[in-house]
Amino acid sequence: MSTEIHDGIAVRVTRRFDHDPSVVFRAFTDPTIAARWMWAGRGSSPYAQIDLRVGGRYRIAIAADPDDDGWPGSERAMRGTYIEIVPNSRLVYTVHWDADVGYNRPGFGAIDEAVIVDLVAVGDGAGLTLQHVGLPGDVVSAETHAQGIEASLDLLSTLLEEIG
């Protein structure tokens, strides 16, 4: 895995999986599978709603861990809209965090971020490039996002072994 942070506003992670790009793509777009890894194993009772079409919306949420400082409330969720879908190859979607904390707090001018996922066949596996863009420009947010992406992809790798 390789991770780069660009100007504090974007994170780019590359990774190889020992599975066909179609299997990795399905892990991003099947609500049952996406709910199991996108929050990197945090919280409990993960669930996802996915309307996989350009202009379709998604929401992925978990019940918060009571010891998790940061977001108030009992649920953590991210949601957005699909911008581009090329089956087994490319997925582009916005990200909005349902939380009144950090750069998403009221009056701060909450922003929507975007994720660009590109998959290519590499031998008998898949090469993934994931770019998370539109971060608020402080290095801390980019570093936190990079850590979360890496942890999520680690969990995805383990999960892919199960669903193969």
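This text follows the structure it describes.
Residues numbered from 1 in each chain as written. Predicted model: local features only at pLDDT ≥ 70, side-chain atom pairs only at ≥ 80, totals over all residues. Heavy atoms only, no water.

Draft legend 1. Summary view of unusual backbone geometry. One non-glycine residue with positive phi stands out, namely serine 45, at about 50°. Note on placement: serine 45 falls in strand β3 (residues 44-50). Residue serine 45 is classed as exposed on the basis of its relative accessible area, which comes to 52%. Although it is not a glycine, asparagine 88 adopts a positive phi angle of roughly 65°. Structurally, asparagine 88 is set in the loop between β5 (75-86) and β6 (90-98). (Helix = DSSP H or I, 4+ residues; strand = E, 2+ residues; numbered from the N terminus. Buried < 20%, exposed > 50% of the residue type's maximum accessible area, 1.4 Å probe, protein only.)

Draft legend 2. Structural view of the sheet that holds β5. Across the sheet, which stays open at both edges, the eight strands sit in the order β1-β2-β8-β7-β6-β5-β4-β3 with antiparallel pairing between neighbours. Strand pairing shows two members of the sheet lacking a second neighbour, β1 (2-6) and β3, which therefore form its edges. Neighbour-to-neighbour, the strand axes of this sheet turn through a mean angle of 20°, independent of strand direction. When strand β4 (residues 57-63) meets β5, the two strands line up antiparallel, connected through seven bridges. Paired with isoleucine 60 across the bridge in β5 is methionine 78. (Pairing = 2+ DSSP bridges. Axes fitted to C-alpha atoms, helices over the stretch in contact; angles between N-to-C directions.)

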